[in-house]
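Structural overview for review
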Amino acid sequence: MAKAVKSAFAKVKPIAYEGPDSKNPLAFKHYNPEEIIEGKSMEDHLRFSVVYWHTFRNPLSDPFGAGTALRPWEDGTDSVRNAQNRVKVAFEFMEKLGAPYYAFHDRDVAPEGATLKQSNRNLDLVAKVLDEEQERTGIKLLWGTANLFSHPRYAHGAATSCNADVFAYAASQVKKAMEVTHELGGEGYTFWGGREGYATLYNTDMKRELDHLARLLHMAVDYKKKIGFKGQFYIEPKPKEPTKHQYDSDAAACLNFLREYDLLEHFKLNLETNHATLAGHTMAHEMDVSIGANALGSIDANTGDALLGWDTDQFPTDFYLTTQCMLAILKMGGFTTGGVNFDAKVRRESFEPIDLFHAHIGGMDAFARGLRIAAAIREDGRLEEFVKDRYSSWDEGIGAKIESGKASFDDCEKYMLKKGNAAKNTSGRQEYLENLINEFI
Ligand code: XUL
Ligand code: CO
């Protein structure tokens, strides 16, 4: 039985901003929540969120060995009581860290029961403690979601399963997860593809599976209206893992799917860095694609490893990456419902509870530094000016006529016959621009 833990992190004081010269590993060097940047506090720009699944449920196992995580507050059972106790530990951690938000899957916070009814009851019992702890600390729910991929029933997918009963189970699970997210005042609800994809086309009716996925999302849209949930729905792209081909493979594929099935007005995207790189894109690319469709909602902040080809979900520490993310977020005018959600895990070798603090402090500092750098680049203005200038031929003359739809093929030909040849190109100046960015890093 779990000991009623008074304090799981008794030796850790609330993490404070001590500035870039501090040598204290349990202090922020860059994240200064109240500091105003571009008219808004750092806290409001970044809206940091801790994920329940990696930070409190990941045993740190890998395909070659058992979990290494030392979590002294765990009693080793999958009981509701242990789950309720863990909630208190989680909130102590988040409170000391100073994270304003968290995110969870239904099955991270409460154990799965033998039946749907039991699972729902377990979730209610734990959600009660989540509610109390949110109330006590002021920490809010960024988004909730349902785990539709761990249980063996989901081996062939959930909404895209060949087994209609599995769809019905998944729909019931999403219904309950949405209700709990709503009760806890969640600002969003995420649909990550889980096992919605295929392992081989020999056994797959892809069109039928995609129709079913859209059906589940339409049901969710209807139910959202029914219960009056005002949070934002997100789709989270990922190209592979666990399936060979995930249907929500990247931002462009998700946007196309949402448009095709008349769902675009109801969803935004939750982009994850390691998913972008698995898809062969940079995070900046995925963010730009989404911003172009007015569909960037939130980000799962992590990073992969350049030498490992899988979803390592490491904490982000690279200032170039966080600068690019923050340039995109500032460009879109900031988050509304979304935030910087650390869908990241400590590595198997970092198994002590204190490593959870080091990891989050590093990620928060990296994003705070990225925010400062991005704001400085914007204030300097040379980067923006360069891009503006690069397209200046579109601001007048034939360019303006084409852009506004007032020029036909005939007009283009007439213009070019008279001019004889196109104006000379100018250099793209990539090296100059890379040097310019380095001035700020
Ligand atoms: C899996 C992943 C998920 C989603 C939520 O790669 O990113 O944790 O963020 O289901
Ligand atoms: Co994620």
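Here, the structure is the one placed above.
Keep in mind it's a predicted model, so treat the numbers as computed, not measured.

Focus on the overall build of the protein
For the protein, the count of helices and strands is 16 helices and 14 strands. Taking 2.2 N^0.38 as the reference for a compact globule, 441 residues should give roughly 22 Å; the C-alpha atoms of the protein span a radius of gyration of 24 Å, in line with that estimate. Taken along the three principal axes of its C-alpha coordinates, the protein extends 85 × 60 × 45 Å. Looking at the 441 residues of the protein, the share that counts as buried comes to 50%. Taking all contacts inside the protein whose residues are at least 6 apart in sequence as the whole, residues at least 24 apart take part in 77%. Accessible surface for the protein amounts to roughly 21900 Å². Of this, 52% is attributable to carbon and sulfur atoms. Here the protein holds 53 positive side-chain charges and 64 negative ones, and the gap between their average locations is 3 Å.

Points about the pairing of strand S13 (residues 296–300)
By the criterion of burial, S13 is predominantly enclosed, with five of the five residues buried. Sheet topology places strand S12 (residues 267–272) next to S13; four bridges connect them, and they run parallel. Looking at the pairing, Leu271 lines up with Ile299 of S13. Here two bridges tie S13 to strand S14 (residues 340–342), and the two strands are oriented parallel to one another.

Here's the deal with the nonpolar core
Core analysis: the biggest nonpolar cluster contains 104 residues, and Tyr102 and Phe367 have the highest contact counts within it. Counting residues per element, this core draws most heavily on helix H12 (residues 353–380), which supplies ten residues. Those residues in contact with Phe367 that lie beyond four places of it in its chain are Leu46, Phe48, Ile299, Ala301, Pro316, Thr322, Cys325, Met326, Val340 and Phe342. By size, the runner-up hydrophobic cluster in this structure holds eight residues, among which are Leu383, Phe386, Leu436 and Phe440.

Digging into the coordination of the cobalt ion (ligand 2)
Around the cobalt ion (ligand 2), the donor atoms from the protein are Glu236 (OE), Glu272 (OE), Asp300 (OD) and Asp343 (OD), and they sit 1.9 to 2.1 Å away. Classification of the site at the cobalt ion (ligand 2) as octahedral follows from its six donor atoms and the range of 80 to 174° in their angles at the metal. Sequence spacing among the residues donating to the cobalt ion (ligand 2) works out to E-x35-E-x27-D-x42-D. In this pair, Glu236 sits in strand S10 (residues 232–236) while Glu272 sits in strand S12, placing the two residues 36 residues apart along the sequence. For the pair Glu236 and Glu272, a shared accessibility class is recorded, and that class is buried.

So, the environment of Glu241
Residue placement: Glu241 occurs in the loop between S10 and strand S11 (245–246). Residues Glu241 and Asp311, spaced 70 residues apart in sequence, show a C-alpha to C-alpha distance of 7.7 Å. If we skip the residues at most four places from it in the chain, Glu241 touches Trp192, Gln246, Trp310 and Asp311. Here Asp311 takes part through its backbone nitrogen, which lies 3.3 Å from a polar atom of the side chain of Glu241.

With respect to the pattern of salt bridges
Tallying each qualifying case throughout the model produces 19 salt bridges. Residues Arg378 and Glu38 are paired through a salt bridge, measuring 2.7 Å at the closest nitrogen-oxygen approach. Linking Arg378 in helix H12 with Glu38 in the loop between strand S3 (36–37) and strand S4 (40–41), this pair joins segments that are 340 residues apart in sequence. For Glu38, a relative accessible area of 42% translates into the label partly exposed. In this structure, the salt-bridge partner of Lys207 is Asp211, at a minimum N-O distance of 2.8 Å. With Lys207 and Asp211 both in helix H7 (residues 206–227) and four residues apart, the pair spans about one turn of that helix. Connected via shared salt-bridge partners are Asp106, Arg107, Glu112 and Arg153.

With respect to a nonpolar patch on the surface
A grouping of Val387, Tyr391, Trp394 and Ile402 is seen on the molecular surface, where their side chains present a nonpolar patch of about 350 Å² in accessible area. Mapping Ile402 onto the fold places it in helix H14 (residues 397–403). Ile402 sits in the partly exposed class, given a relative accessible area of 36%.

Some remarks on helix H16 (residues 430–438)
Along H16, the positions that sit buried rather than exposed are Leu433, Leu436 and Ile437. Down the axis of H16, the sector holding all buried residues measures 95°, keeping them to one side. With respect to the buried face of H16, the exposed residues turned more than 90 degrees away are Glu431 and Asn435. Structurally, H16 contributes buried residues whose contacts are with helix H11 (319–331), H12 and helix H13 (382–390).

A closer look at the packing of aromatic side chains
Aromatic ring pairs are described here by two measures, namely the spacing of the ring centres and the angle between the planes. Tallied over the full model, the rule gives 23 aromatic pairs. Geometrically, the ring pair formed by Phe9 and Phe93 is tilted, given 5.7 Å between the ring centres and 55° between the ring planes. On the criterion of sequence distance, the pair formed by Phe9 in the segment before strand S1 (16–17) and Phe93 in helix H3 (residues 80–97) is long-range, its members being 84 residues apart. For the residue pair Phe9 and Phe93, the accessibility class agrees, reading buried in each case.

A closer look at unusual backbone geometry
Of note, the bond from Glu241 into Pro242 is cis; its omega dihedral lies within 30 degrees of zero at 5°. Tracing the chain through its elements places Pro242 in the loop between S10 and S11. For Glu38, which is not a glycine, the phi torsion comes out positive at approximately 45°. The phi torsion at Glu241 lies on the positive side, around 75°, for a residue other than glycine.

Points about the packing of helix H5 (residues 116–137) against helix H6 (residues 164–183)
The geometry of H5 relative to H6 is characterised by a closest axis approach of 11 Å and an angle of 15° between their N-to-C directions. As judged from the angle between their axes, H5 and H6 are roughly parallel. Crossing of H5 over H6 shows right-handed handedness. Contact with H5, carried on its side by Leu116, Ser119, Asn120, Leu123, Asp124 and Ala127, involves Tyr169, Ser172, Lys176 and Val180 of H6 and no other residues of that element. Here the residues of the contact of H5 with H6 sort into five nonpolar, three polar and two charged.

Procedures and definitions
- Residues numbered from 1 in each chain as written.
- Chains lettered and ligands numbered in written order.
- Predicted model: local features only at pLDDT ≥ 70, side-chain atom pairs only at ≥ 80, totals over all residues.
- Heavy atoms only, no water.
- Helix = DSSP H or I, 4+ residues; strand = E, 2+ residues; numbered from the N terminus.
- Rg over C-alpha atoms; globule rule 2.2 N^0.38 Å.
- Buried < 20%, exposed > 50% of the residue type's maximum accessible area, 1.4 Å probe, protein only.
- Contact = heavy atoms within 4.5 Å.
- Areas by Shrake-Rupley, 256 points an atom, 1.4 Å probe, with all protein chains shown as cover.
- Lys, Arg positive; Asp, Glu negative; His and termini not counted.
- Charge placed at Lys NZ, Arg CZ, Asp CG, Glu CD.
- Pairing = 2+ DSSP bridges.
- Core = buried A, V, L, I, M, F, W, Y, C linked by side-chain atoms within 4.5 Å.
- Donors = N, O, S within 2.8 Å, 3.2 Å for Na, K, Ca; no water.
- Tetrahedral: all angles 85-135°; square planar, octahedral: opposite > 155°, others 65-115°.
- Polar contact = N/O pair within 3.5 Å; in protein donor to acceptor, adjacent residues only side chain to side chain.
- Salt bridge = Lys/Arg side-chain N within 4 Å of Asp/Glu carboxyl O.
- Patch = residues over 30% accessible without salt bridge, like charges linked within 9 Å, V, L, I, M, F, W, Y side chains within 5 Å.
- Arc of directions from axis to C-beta.
- Phe/Tyr/Trp six-rings, centres within 6.5 Å; stacked < 30°, edge-to-face > 60°.
- Axes fitted to C-alpha atoms, helices over the stretch in contact; angles between N-to-C directions.
- Parallel < 35°, antiparallel > 145°, perpendicular 65-115°, else oblique.
- Left-handed = near helix turned anticlockwise from the far one by under 90°.
- Nonpolar A, V, L, I, M, F, W, Y, C, P; charged D, E, K, R; others polar.

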